[in-house]
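Overview (structure and organization)
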Amino acid sequence: MQPMDEIYQKYAQMVYRYLLSLVHSQDVAEELTQETFYQAVKNIDRFDGSCRISTWLCAIAKNQLRSWQRKHPFFENPEGHEQTAASAEQDVFGALARVELMKKLHLCPEPYREVMYLRIFGDLSFKEIGEIMEHTENWARVTYYRGKEKLRKDLVNDES
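Cut-offs applied
Residues numbered from 1 in each chain as written. Predicted model: local features only at pLDDT ≥ 70, side-chain atom pairs only at ≥ 80, totals over all residues. Heavy atoms only, no water. Helix = DSSP H or I, 4+ residues; strand = E, 2+ residues; numbered from the N terminus. Expected span 1.5 Å × (residues − 1). Buried < 20%, exposed > 50% of the residue type's maximum accessible area, 1.4 Å probe, protein only. Contact = heavy atoms within 4.5 Å. Salt bridge = Lys/Arg side-chain N within 4 Å of Asp/Glu carboxyl O. Phe/Tyr/Trp six-rings, centres within 6.5 Å; stacked < 30°, edge-to-face > 60°. Lys NZ or Arg CZ within 6 Å of the ring centre and 35° of its normal. Arc of directions from axis to C-beta.

**Comments concerning helix H3 (residues 53-71)**
Between the first and last C-alpha of H3 there are 27 Å, a value that for 19 residues agrees with the 27 Å anticipated at 1.5 Å per step. Burial in H3 covers these residues: Ile53, Ser54, Thr55, Trp56, Leu57, Cys58, Ile60, Ala61, Lys62, Gln64, Leu65 and Trp68. In this structure, the buried side of H3 is in contact with helix H1 (4-23), helix H2 (26-42), helix H6 (112-121) and helix H7 (126-132).

Structure representation (structure tokens):
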């Protein structure tokens, strides 16, 4: 097992991007990233090696987010969704304004919404998304594709 400071150096940005893709607030994502690593240090003896450390950390992060959401049920993002990660997937949406994209993504049913957030705004690979969501890399690819197609159909219907 790697020392915790090495684990932090290697995975902190990935955990932060994952959380940012879910909460769209830098402050909240930073707070939850710190809490995630605090919990990881506190519970390192529970890590049994049955999954990758990144998967374990993202599971802790998701649990920390759920706990935070219970304590802050009416949280409104003060940053107005300003944080986005530049990625090739964003080009798919071309001229669609970011606000319109966020509106459409918000209306997407799960699991499409979360997979698309993780891919577009979290800039995670399909393999990482599959691990986080406890599915295969192929499932993440197919889910992303289907969500993207649903968005396209919705956009065509809106233009009609």
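From this point, the discussion proceeds with the structure in view.
**As for the pattern of salt bridges**
Applying the stated criterion across every chain yields a total of four salt bridges. The shortest N-O distance in the salt bridge between Arg141 and Glu137 comes to 3.0 Å. Taken together, the residues span about one helical turn, with Arg141 and Glu137 both in helix H8 (residues 137-159) at a distance of four residues.

**Examining the packing of aromatic side chains**
In total, this model carries three aromatic pairs according to the counting rule given. Lying across the ring of Phe126, Arg119 places its NZ or CZ 4.0 Å from the centre.

**Considerations on the environment of Ala40**
Residue position: Ala40 is located in helix H2. For Ala40, a relative accessible area of 0% corresponds to the buried category. A C-alpha to C-alpha distance of 9.8 Å links Ala40 and Tyr8, two positions 32 residues apart in sequence. Non-local contacts of Ala40, meaning those with residues more than four positions away in its chain, are made with Met4, Trp56, Leu57 and Ile60.

**Considering H2**
Compared with an ideal rise of 1.5 Å per residue, which puts 17 residues at 24 Å, H2 spans 24 Å between its outermost C-alpha atoms and is within 8% of the ideal. Looking at H2, one finds that the buried residues are Val28, Ala29, Leu32, Thr33, Thr36, Phe37, Gln39 and Ala40. Within H2, the buried residues cover an arc of 165° as seen down the axis, which keeps them to one side. Contacts from the buried residues of H2 go to H1 and H3.

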